[in-house]
Amino acid sequence: MARVELEQVAKVYPGGIRAVDSIDLVIEDREFVVLVGPSGCGKSTTLRMVAGLEEISGGTIKIGGRVVNDTPPKDRDIAMVFQNYALYPHMSVYNNMAFGLKLRKMPKAEINRRVMEAAKILDIEHLLERKPKALSGGQRQRVAVGRAIVREPAAFLFDEPLSNLDAKLRVTTRAELKRLHQRLKTTTIYVTHDQEEAMTLGDRIVCMRDGRIQQADTPLETYYRPTNRFVAGFIGMPPMNFFDGSLSLGGGKISFTEGRMAGSSQSGDEMGRGELTLPAGGFTIDLPDRLRERIGGSVGKHVVLGVRPEDLSFAARGSESAQISVRLKVVEPLGREMDVYMATALRDDVVARVEAPSLGADRGMVMDSKVEAYIDLRKIHVFEPGPTGKNMSLAQEKSHALI
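Keep in mind that this is a model prediction, so the values were computed, not measured.

This part takes up helix H4 (residues 137-149). Counted at 1.5 Å a residue, the expected span for H4 with its 13 residues is 18 Å, and the 18 Å between its end C-alpha atoms agrees. Among the 13 residues that make up H4, 11 are buried, leaving the element largely enclosed by the rest of the structure. Among all positions of H4, only Gly138, Gln139, Gln141, Arg142, Val143, Ala144, Val145, Gly146, Arg147, Ala148 and Ile149 are buried. Structurally, H4 contributes buried residues whose contacts are with strand S6 (78-81), helix H2 (93-103), helix H3 (108-122), strand S7 (155-159) and helix H5 (167-184).

This paragraph deals with the environment of glycine 236. Position of glycine 236 among the secondary structure elements: in the loop between helix H8 (229-234) and strand S11 (241-250). Along the sequence, glycine 236 and glutamine 195 sit 41 residues apart, while their C-alpha atoms lie 7.2 Å from each other. Every residue in contact with glycine 236, bar those within four places of it in the chain, is listed here: Gln195, Tyr223 and Arg308.

A word on the pairing of strand S16 (residues 302-307). Burial runs high along S16: 6 of the 6 residues are buried. Covered by surrounding structure in S16 are His302, Val304 and Gly306 together with Val303, Leu305 and Val307, the residues of both alternating faces. Sheet analysis places S11 next to S16, joined by 6 bridges and oriented antiparallel. Each bridged residue has a counterpart across the sheet, and for serine 246 the counterpart in S16 is histidine 302.

With that settled, consider the side chain of glutamine 214. Positionally, glutamine 214 belongs in strand S10 (residues 212-217). Residue classification places glutamine 214 among the buried residues on the basis of a relative accessible area of 17%. Here the side chain of glutamine 214 touches asparagine 228 through a polar contact of 2.9 Å, side chain to side chain. Excluding residues that lie within four positions of it along the chain, glutamine 214 makes contacts with Cys207, Met208, Arg209, Thr227, Asn228, Phe230, Val231 and Thr388.

On to the packing of H2 against H3. Look at H2 against H3: their axes get within 10 Å of each other, and the N-to-C directions meet at 135°. Judged by the angle between their axes, H2 and H3 are oblique. Crossing hand, H2 versus H3: right-handed. Between H2 and H3, the residues in contact are Tyr94, Met97, Ala98, Leu101 and Lys102 and Ile111, Asn112, Arg114, Val115, Met116, Ala118 and Ala119, respectively.

Here the amide bond leading from methionine 237 into proline 238 is cis, since omega sits at -5°, within 30 degrees of zero. Looking at the secondary structure, you find proline 238 in the loop between H8 and S11. The backbone of glutamate 160 shows a phi angle near 45°, a positive value even though the residue is not glycine. Position of glutamate 160 among the secondary structure elements: in the loop between S7 and H5.

Take the packing of aromatic side chains next. Counting across every chain of the model gives 9 aromatic pairs. For the ring pair phenylalanine 158 and tyrosine 190, a centre distance of 5.7 Å and an interplane angle of 35° mean the geometry is tilted. Of this pair, phenylalanine 158 sits in strand S7 while tyrosine 190 sits in strand S8 (residues 187-192); the two residues are 32 residues apart in sequence, bridging distant segments of the chain. Given a relative accessible area of 5%, phenylalanine 158 falls into the buried group. Aromatic ring contacts, followed pair by pair, group Phe32, Phe156, Phe158 and Tyr190 into a single cluster.

The rules we used
Residues numbered from 1 in each chain as written. Predicted model: local features only at pLDDT ≥ 70, side-chain atom pairs only at ≥ 80, totals over all residues. Heavy atoms only, no water. Helix = DSSP H or I, 4+ residues; strand = E, 2+ residues; numbered from the N terminus. Expected span 1.5 Å × (residues − 1). Buried < 20%, exposed > 50% of the residue type's maximum accessible area, 1.4 Å probe, protein only. Contact = heavy atoms within 4.5 Å. Pairing = 2+ DSSP bridges. Polar contact = N/O pair within 3.5 Å; in protein donor to acceptor, adjacent residues only side chain to side chain. Axes fitted to C-alpha atoms, helices over the stretch in contact; angles between N-to-C directions. Parallel < 35°, antiparallel > 145°, perpendicular 65-115°, else oblique. Left-handed = near helix turned anticlockwise from the far one by under 90°. Phe/Tyr/Trp six-rings, centres within 6.5 Å; stacked < 30°, edge-to-face > 60°.

Laid out in structure tokens, this is it:
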């Protein structure tokens, strides 16, 4: 087992394409860390540099206190599990798991002990004589994990190992991986683009964008206290609602007024770009006094109000609720809950996640009708504009360390 350290690690491809931009990250011994982010954010490249499959352009990588910049993959004492399993089709499950140990010329008795022990842990003892083509996707994935386990490495590296499985199998295999880590306690770095996987698996999740770490924190801390707008929008499903607007001060209260963004598509990386127009007929709400010290310096400036779908409802939640008018568009039943898509005067893509009984017929909730919705002011966020605008509503003493 080992601590993995990345110090100013960078990867620059020909043409000056910077895939990983001088990141600092420490994965503690026995920790399960998930690298998460959209396609092209640099997470897989980072993992491959740790594995030695990708040459670094700058910085230092240490595994167990040993610098491994120039160490071949086979000598780094790590085991990697790939997205496509990478099993030998002509070999049995037993031989697939034993192959790496045979190359090391390990005694047969020790090879057999390790393979049988890993097979028992993964519940694949009955599959040892089968070939990969006779296995399901989930069984192949367990064999690939077993091949990594038998090496008894200092660290496991997983590169989107569940992406080829169907939805139901992903959930069960995810639980198996978590139980496996709880049992083996091996340092693990796991790459995924699925934020649900990141939230459920990791002791800590590392959100990446454009080759840079945006936040490295526990799953719940990342969800409830996102350091910037990108993290807030990427972690959580449905994504956080964002409202462009401006702050004003009057009667001792700071108010937020929704505005209209000119020259902006309001989606993807274009969020927050363009010019804010006020007045534009949007809603106005008073913000909690507790935010005054943190956001008071932005009065008169363009800011972005963030509200998670579960913090929008159709009934006031105590005194710290703000009422806004919305038009109902679409309802997606999910069982006990449902997602309600609606529009404000200026935005067409607002979503609330509510309990199903909240939309009873007695409430007159008819599609395309106008109703009152309530924002839970205890849970709101206020961001600087731009795709990675800082979360100004966090307490200033809170530090989101990257190591």
